[in-house]
Amino acid sequence: MNKAVKFLIYFLIFDIIVIGGYFGFKALKGGGKSGLDDYQWMTIDEAYMPKDAVEEFIKNDAVGRGSLPVYIKNYGHDAKILKGFKGKQFASPSETVLGMFFKGLDDWMIVDIKYKNEKEQDIQRTVLYIFANKQWTVGDSGTLMK
């Protein structure tokens, strides 16, 4: 074999190792969207148009308390984010656990909320919203583990 063919073979082997390593690392990391940094903070103020019933509830609650603007990160129905949730009632729950605890569970959603209270202190919490028996309610509140 001449030097050019050997070089080409080594180059291809190197590429295969690098590409395989990259995709192997992504697979071990979990891949896809589900990192906390993949979601952006949104500002809810008087002009904000809620995208769903939970965001509408958050906006109406903030208006009632006079605490606008409120900042949210809506993780929606992301099971990997749910696994990182630690609340007063649940720690790393699965959808199955939620279904056993909340009879009639149809959906759930995780939302980070930031706002200032009456004393101008920054408050941040993570809320697990549950849709069961045809209505959204707060299922638990706590934090997200990284």
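In what follows, the structure referred to is the one given above.
Before going into details, it helps to say that this report is about the structure given with it. (Residues numbered from 1 in each chain as written. Predicted model: local features only at pLDDT ≥ 70, side-chain atom pairs only at ≥ 80, totals over all residues. Heavy atoms only, no water.)

### Some remarks on the overall build of the chain
Step number 1: Along the chain, the regular secondary structure elements total four helices and six strands.
Step number 2: Along the chain, helices and strands appear, N-terminal first, in the series α-β-α-β-α-β-α-β-β-β.
Step number 3: Burial analysis of the chain (146 residues in total) assigns 31% to the buried set.
Step number 4: Contacts in the chain between residues at least 24 apart in sequence constitute 57% of all its contacts with a sequence separation of at least 6.
Step number 5: Accessible surface, the chain: about 9,900 Å² in total, of which carbon and sulfur atoms supply 60%. (Helix = DSSP H or I, 4+ residues; strand = E, 2+ residues; numbered from the N terminus. Buried < 20%, exposed > 50% of the residue type's maximum accessible area, 1.4 Å probe, protein only. Contact = heavy atoms within 4.5 Å. Areas by Shrake-Rupley, 256 points an atom, 1.4 Å probe, with all protein chains shown as cover.)

### Overview of the nonpolar core
Step number 1: Counting 15 residues, the largest nonpolar core has Leu98, Ile110 and Leu128 as the members making the most contacts within it.
Step number 2: Where this core is concerned, the elements lending two or more residues are α3 (79–83), β4 (105–116) and β5 (122–132).
Step number 3: When residues in this core are grouped by element, the largest group, three residues, is from β5.
Step number 4: Look past the residues within four positions of Leu98 in its chain and what remains in contact with it is Leu82, Phe90, Pro93, Leu105, Trp108, Leu128 and Ile130. (Core = buried A, V, L, I, M, F, W, Y, C linked by side-chain atoms within 4.5 Å.)

### A few points about the pattern of salt bridges
Step number 1: In total, this model carries two salt bridges according to the counting rule given.
Step number 2: Close ionic contact of Arg65 with Asp61 constitutes a salt bridge, the shortest N to O distance being 2.6 Å. With a gap of four residues between them, Arg65 and Asp61 both fall in helix α2 (residues 53–65), about one helical turn apart.
Step number 3: Residue Asp61 is classed as partly exposed on the basis of its relative accessible area, which comes to 30%.
Step number 4: With a shortest N-O distance of 2.8 Å, Asp122 and Lys116 are connected by a salt bridge. (Salt bridge = Lys/Arg side-chain N within 4 Å of Asp/Glu carboxyl O.)

### Some points on the side chain of Thr126
Step number 1: With respect to the helices, strands and loops of the structure, Thr126 is situated in strand β5.
Step number 2: Side chain to side chain, Thr126 and Asp112 meet in a polar contact 2.4 Å long.
Step number 3: Setting aside anything within four residues of it in sequence, one finds Thr126 in contact with Phe85, Ile110, Val111, Asp112, Asp140, Ser141, Gly142, Thr143 and Leu144. (Polar contact = N/O pair within 3.5 Å; in protein donor to acceptor, adjacent residues only side chain to side chain.)

### Some words on the packing of aromatic side chains
Step number 1: Summed over all chains, the structure comprises six aromatic pairs.
Step number 2: Taken together, a centroid distance of 5.0 Å and an interplanar angle of 80 degrees make the contact between Phe90 and Phe101 edge-to-face. Of this pair, Phe90 sits in the loop between β3 (85–87) and α4 (95–101) while Phe101 sits in helix α4, placing them eleven residues apart in sequence.
Step number 3: Judged by relative accessible area, Phe90 falls into the buried class, the value being 7%. (Phe/Tyr/Trp six-rings, centres within 6.5 Å; stacked < 30°, edge-to-face > 60°.)

Keep in mind these values describe shape, not function.
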